[in-house]
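The primary structure of each chain is shown beneath.
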Amino acid sequence: MGHEYSSHVVWTGSRGNGTTGYHDFDRTWDISIAGKSVIHCSNDPLLGGDPTKMNPEDLLLSALSACHMLWYLHYASDEGIVVTSYADDPVGLGKVGRGGAGRFSSATLRPQITVKAGTDLQAAEAIHHRIHEVCFIARSINFPVNYEPTFTTEGS
């Protein structure tokens, strides 16, 4: 069974003359999906983008982290591991090759997870290493993903 995803991406960076010259337009756009909030985007600030807006690299790293989190919570629930808090500060590393073309070379997810006292922390940690087999985003990327979780038990 397939799933279909759709989006509407609109370039918002025309200054009135379109792409008449390389420096004559902004690299900004909006992402909209019916019934959801619009996301205002720009390219990477290293390339002159607006640092206050999401860029494609931000979105990819965030999607990877969110997909991992959702599967983690699913597996934890299945295994009777009670998670009461989950936050991640993922880091993606990129490389720029000849001609300026770049790519992600790796990502590290660094979730901070709070679990109920008495939780088997080895079992809680082991879940992370199974998620790449099922996470839609992780299965779609072509760079390694590392995991550096930290756990806190409630009341400690």
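Refer to the structure printed above.
Residues numbered from 1 in each chain as written. Predicted model: local features only at pLDDT ≥ 70, side-chain atom pairs only at ≥ 80, totals over all residues. Heavy atoms only, no water.

A. Fine view of the packing of aromatic side chains. Tallied over the full model, the rule gives five aromatic pairs. Measuring from centroid to centroid gives 5.5 Å for Trp71 and Tyr75, while their planes differ by 50°, and the two rings are tilted. In this pair, Trp71 and Tyr75 both sit in helix α1 (residues 56-78), four residues apart, roughly one turn of the helix. Residue class for Trp71 comes out partly exposed when judged on its relative accessible area of 28%. (Phe/Tyr/Trp six-rings, centres within 6.5 Å; stacked < 30°, edge-to-face > 60°. Helix = DSSP H or I, 4+ residues; strand = E, 2+ residues; numbered from the N terminus. Buried < 20%, exposed > 50% of the residue type's maximum accessible area, 1.4 Å probe, protein only.)

B. The arrangement of the pairing of strand β2 (residues 28-32) in detail. Burial analysis of β2 places four of its five residues in the buried class, which makes it a mostly covered element. Bridging between strand β1 (residues 8-11) and β2 involves four bridges; their strand directions are antiparallel. Within the sheet, the bridge partner assigned to Val9 lies in β2 and is Ile31. With four bridges connecting them, β2 and strand β3 (residues 39-42) associate as antiparallel partners. In the sheet register, Thr28 faces β3, and the bridge partner there is Ser42. Connecting the antiparallel pair β2 and β3 is a turn made up of six residues, with Gly35 showing a positive phi of about 85°. (Pairing = 2+ DSSP bridges.)

C. Examining the pattern of salt bridges more closely. This structure, assessed with the given rule, holds three salt bridges. Between Asp26 and Arg15 there is a salt bridge; the shortest N-O distance is 2.5 Å. You can see Asp26 sitting in the loop between β1 and β2 and its partner Arg15 sitting in the loop between β1 and β2, a full 11 residues away along the chain. Owing to a relative accessible area of 49%, Arg15 belongs among the partly exposed residues under this scheme. (Salt bridge = Lys/Arg side-chain N within 4 Å of Asp/Glu carboxyl O.)

D. A look at the sheet that holds strand β8 (residues 145-147). Taking strand neighbours across the sheet as the criterion, the three strands line up as β5-β6-β8 in an open arrangement whose pairing is mixed. Among the strands making up the open sheet, the edge pair consists of β5 (91-96) and β8. Neighbour-to-neighbour, the strand axes of this sheet turn through a mean angle of 20°, independent of strand direction. Sheet topology places strand β6 (residues 102-109) next to β8; three bridges connect them, and they run parallel. Bridge pairing in β8 links Ala107 to Val145. Relative to the sheet, α1 contacts β5, β6 and β8, its axis offset from that of β6 by approximately 35°. (Axes fitted to C-alpha atoms, helices over the stretch in contact; angles between N-to-C directions. Contact = heavy atoms within 4.5 Å.)

E. Quick look at the state of the cysteines. The tally for this structure, following the rule as stated, stands at one disulfide. The disulfide partner of Cys67 is Cys135, and the S-S distance across this bridge is 2.2 Å. Here the residue Cys67 occupies a position in helix α1, and Cys135 occupies one in the loop between α2 (121-126) and β8, the gap between them amounting to 68 residues. The same class applies to Cys67 as to Cys135, namely buried. Here Cys41 stays unpaired: no disulfide links it, and the sulfur of Cys67, its closest cysteine neighbor, is 19 Å away. (Disulfide = S-S within 2.5 Å.)

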